[in-house]
Amino acid sequence: MNYDTLIPVIRKLAIEAGAEIMKIYQADDFDVNVKSDDSPVTAADEAADALISAGLRAAFPDVMLVTEEQAESHTAKGETFLIVDPLDGTKEFIHRRGDFTVNIAYVENGVPQRGVVYAPARERMFFTQADGQAVEETGAFDPNTVGDVKAINVADSDNSALYVVASKSHRDQATDDYINKYNVKDLKSAGSSLKFCLVATGEADVYPRVGRTMEWDTAAGHAVLLGAGGDVVRFDDHTPLKYGKEDFANPFFIAYAPKVELKEA
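Residues numbered from 1 in each chain as written. Predicted model: local features only at pLDDT ≥ 70, side-chain atom pairs only at ≥ 80, totals over all residues. Heavy atoms only, no water.

Caption draft 1: Representation of the overall build of the chain within the structure. The helix and strand inventory of the chain stands at six helices and 16 strands. The C-alpha atoms of the chain give 17 Å as radius of gyration, which agrees with the globular expectation for 265 residues (18 Å, within 12%). Dimensions of the chain, computed from C-alpha atoms along their principal axes, come out at roughly 50 × 40 × 40 Å. Within the span of the chain, comprising 265 residues, buried residues form 54% of the whole. When contacts within the chain are restricted to residue pairs at least 6 apart in sequence, those whose partners lie at least 24 apart make up 61%. Roughly 11,100 Å² of accessible area belongs to the chain as shown, and the carbon and sulfur atoms make up 46% of that amount. (Helix = DSSP H or I, 4+ residues; strand = E, 2+ residues; numbered from the N terminus. Rg over C-alpha atoms; globule rule 2.2 N^0.38 Å. Buried < 20%, exposed > 50% of the residue type's maximum accessible area, 1.4 Å probe, protein only. Contact = heavy atoms within 4.5 Å. Areas by Shrake-Rupley, 256 points an atom, 1.4 Å probe, with all protein chains shown as cover.)

Here it is, written out as structure tokens:
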């Protein structure tokens, strides 16, 4: 994969998909349907998926594509692929809480190498440049012209006063029990893949996820965090979280800045 070609494409598609999502988000009403796994889906998910999928297939016809909204793609096998969650945080979208994101990532040999996370309602965009450095873009979010960008890097964490971020929609007792093993200065809640980005920018030190996720939920945020000097490991044995797994399902995991002294599960 030529990253100089990849990055402008995925950035542009994320912004265009975000615009489609916001048209529906700002409408007076929208329909919510339920998929076979009981998760909600809206017209915004479907519109964003159609736009992104068409764009990626046109630009990279020979690269395997996995996307949440196309069940037939979930049986694909491989360690190198493009992976998309066109609207991560559908519950946040439905309840108009703003913490939803567009996620596009490129995985090579099981590792998310490059990715983009765009939160259109929050007007925040994070992506990896061609050289791998993670950046946050500010400005008008023109699909064809990159605005001002600043390199982002994880915090120089203080284990006596950690900033922890956890899920807004999926907090449970198991998560709280694990968080309580740390010396926590502040606990933030955020939706969708924004939690990875808060660790990437140094706004949080650690994000533990004790709950079900799929690879399309995490790949783009994982890539951004890697590009900011962080890492994501399995919750059970602290080995790296790999991609291309059976059914693209993730185990529990921890995303963190490297100075954090991880606690056992």
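Structure's up, so let's keep going.
Caption draft 2: Seen up close, helix α1 (residues 3–25). Between its first and last C-alpha, α1 extends 32 Å over 23 residues, near the 33 Å set by a 1.5 Å rise per residue. Where α1 starts, the residue carrying a side-chain oxygen 2.9 Å from the main-chain nitrogen of Asp-4 turns out to be Asn-2. (Expected span 1.5 Å × (residues − 1). Polar contact = N/O pair within 3.5 Å; in protein donor to acceptor, adjacent residues only side chain to side chain.)

Caption draft 3: A look at the side chain of Lys-195. Within the fold, Lys-195 resides in helix α5 (residues 194–200). Asp-88 provides the closest opposite charge to the buried, unpaired Lys-195, separated from it by 6.5 Å. Non-local contacts of Lys-195, meaning those with residues more than four positions away in its chain, are made with Val-165, Ala-166, Ser-167, Ala-190, Tyr-207 and Arg-209. (Lys, Arg positive; Asp, Glu negative; His and termini not counted. Salt bridge = Lys/Arg side-chain N within 4 Å of Asp/Glu carboxyl O.)

Caption draft 4: A look at the nonpolar core. By size, the foremost hydrophobic cluster in this structure holds 49 residues, and its most contacted members are Phe-81, Ile-83, Val-224 and Leu-225. Sort the elements by how many residues they give to this core and α5 lands first, with six residues. If near-sequence neighbours (up to four positions away) are discounted, Leu-225 is found in contact with Val-154, Phe-196, Val-199, Ala-200, Gly-230, Asp-231, Val-232, Ala-255 and Tyr-256. (Core = buried A, V, L, I, M, F, W, Y, C linked by side-chain atoms within 4.5 Å.)

Caption draft 5: Spatial organisation of the pattern of salt bridges. Inspection of the entire model under this criterion finds twelve salt bridges. The closest approach of N and O atoms between Arg-122 and Asp-99, which form a salt bridge, is 2.7 Å. In this pair, Arg-122 is assigned in the loop between β6 (111–119) and β7 (124–128) and Asp-99 in the loop between α3 (90–94) and β5 (101–108), connecting sequence segments 23 residues apart. Among the residues examined, Asp-99 registers a relative accessible area of 5% and is labelled buried. The partner of Arg-234 in a salt bridge is Asp-237, with the nearest N and O atoms 3.7 Å apart. According to the relative accessible area criterion, Asp-237 is partly exposed, its value standing at 42%. Residues participating in the shared-partner salt-bridge network are Arg-124, Glu-136 and Glu-203.

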